[in-house]
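A structural walkthrough
So you can see what is in the structure, the chains are spelled out below.
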Amino acid sequence: MSLALFHEVNLPLPLALAATGGPERRVETLTLSGGQEARNAAWAGSRRRWDVGSAAARIETLQALIAFFEARGGKLYGFRFRDMLDDRSGALGTEVSAQDQAIGLGDGARTEFALVKHYGGWARRIWKPVAGSVRVAVDGAEAAFGVNTETGVVTLASAPSAGALVTAGFRFDCPVRFDTDRLDVTLEGFGAGRVIRVPLVEIIG
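First, a word on scope: everything that follows refers to the structure included in this document.

This part takes up the side chain of D86. You can see D86 is positioned in the loop between β7 (78-81) and β8 (101-105). Residue D86 is classed as buried on the basis of its relative accessible area of 12%. One polar contact links D86 to Y119, side chain to side chain, over a distance of 2.5 Å. If we ignore the near neighbours within four places in the chain, the residues touching D86 are R48, K117, Y119, R124 and F172.

Next comes the structure, spelled out in structure tokens:
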């Protein structure tokens, strides 16, 4: 991920609350002569998309969106987006625990570990943890660490012993960009309006 083309700012919360969308996968399917299907995963993981348009909003909210879009240069600069259905290491509505997600095994020398969230057999890299939300444990005991909130890498104060399980809990934002070069805004009454479509797409590092 190019940090030079990323702004560490969040899309205004009222817009995030109106979002629709979720994960997208790319699977190629081929129907064989006998009717059977052959399927191949073109992407190793998923990519998320949202639309934060269409819902009616106050004029002030629309003005904030236009200013935010202009400040990002349209598609040019990425930014943080809070997916209200998937924004933490544990279950929705639960408190963060230092044992929520396994992020690696110690080898006696390594101190840096990237945050990940597991979805069954797939591990999603977490690039944008929320400052102050991260907790880390080694074999169940909370450990001293530092975290880079721009890259999602935690650095332990001391290297875990070989085979020690390193776990973490955190809240996180998704790195996204606008997936449009224009905004179409309509006024629908005194003090209210809507943006027809505001697509966002996840930036894959």
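Having seen the structure, we can now continue with the description.
Strand order in the open sheet formed by three strands is β9-β16-β15, with antiparallel pairing between adjacent strands. The sheet is open, and its two edges are formed by β9 (112-114) and β15 (145-148), each paired on a single side. Strand-to-strand twist in this sheet, taken as the mean axis angle between neighbours without regard to direction, amounts to 25 degrees. Bridging between β9 and strand β16 (residues 153-156) involves three bridges; their strand directions are antiparallel.

What follows covers helix α2 (residues 59-71). Over its 13 residues, α2 extends 18 Å from the first C-alpha to the last, a length consistent with the 18 Å expected when each residue adds 1.5 Å. G73 lies just past α2 and shows a positive phi near 65 degrees.

Before going further, it helps to examine the layout of surface pockets. Its volume calculated, the largest pocket comes out at about 200 Å³. Going through the elements one at a time, β5 (47-51) and β11 (122-125) are the ones with two or more residues in the lining of the largest pocket. With three residues, the single largest contributor to the lining of the largest pocket is β11. The residue inventory of the lining of the largest pocket, partitioned by class, reads six nonpolar, three polar and five charged.

Basis of the calculations
Here the residue numbering is sequential within each chain, running from 1 through the sequence in written order. Confidence filtering applies because this is a predicted model: local features only for residues at pLDDT of at least 70, side-chain atom pairs given and counted only at 80 or more, and all residues used for totals across whole chains, interfaces and linings. Only hydrogens and water are set aside; all other atoms, that is, all heavy atoms of the structure, feed into the side-chain values. Helix numbers and strand numbers start at the N terminus; a helix is a DSSP run of H or I with at least 4 residues, a strand a run of E with at least 2. Under the scheme applied here, a residue whose accessible area is under 20% of the maximum for its type counts as buried, over 50% as exposed, and between as partly exposed, the area being computed with a 1.4 Å probe on protein chains only. The term polar contact refers here to a pair of N or O atoms within 3.5 Å; inside protein, the definition further demands a hydrogen-donor-capable atom paired with an acceptor-capable atom, and it admits residues adjacent in sequence only when both atoms are side-chain atoms. Throughout, a contact is declared for two residues whenever any of their heavy atoms are within 4.5 Å. At least two DSSP bridges between two strands are required for those strands to pair. Whenever a helix is involved, its axis is fitted only over the stretch in contact; in every case the axis is a line through C-alpha atoms, and angles between N-to-C directions fall within 0 to 180 degrees. Helix span is expected to be 1.5 Å times the residue number reduced by one. A 1.4 Å probe that fits into a set of points on a 1 Å grid over the protein atoms alone but cannot get out defines a cavity; an open set with protein on both sides within 12 Å along at least five of seven lines defines a pocket, and lining residues are those with an atom within 4 Å of a point. Grid points are joined across faces, edges and corners, and a volume is the space filled by probe spheres set on the points. The classification used treats Ala, Val, Leu, Ile, Met, Phe, Trp, Tyr, Cys and Pro as nonpolar, Asp, Glu, Lys and Arg as charged, and all other residues, Gly among them, as polar.

Any link to function would need more than the numbers given here.
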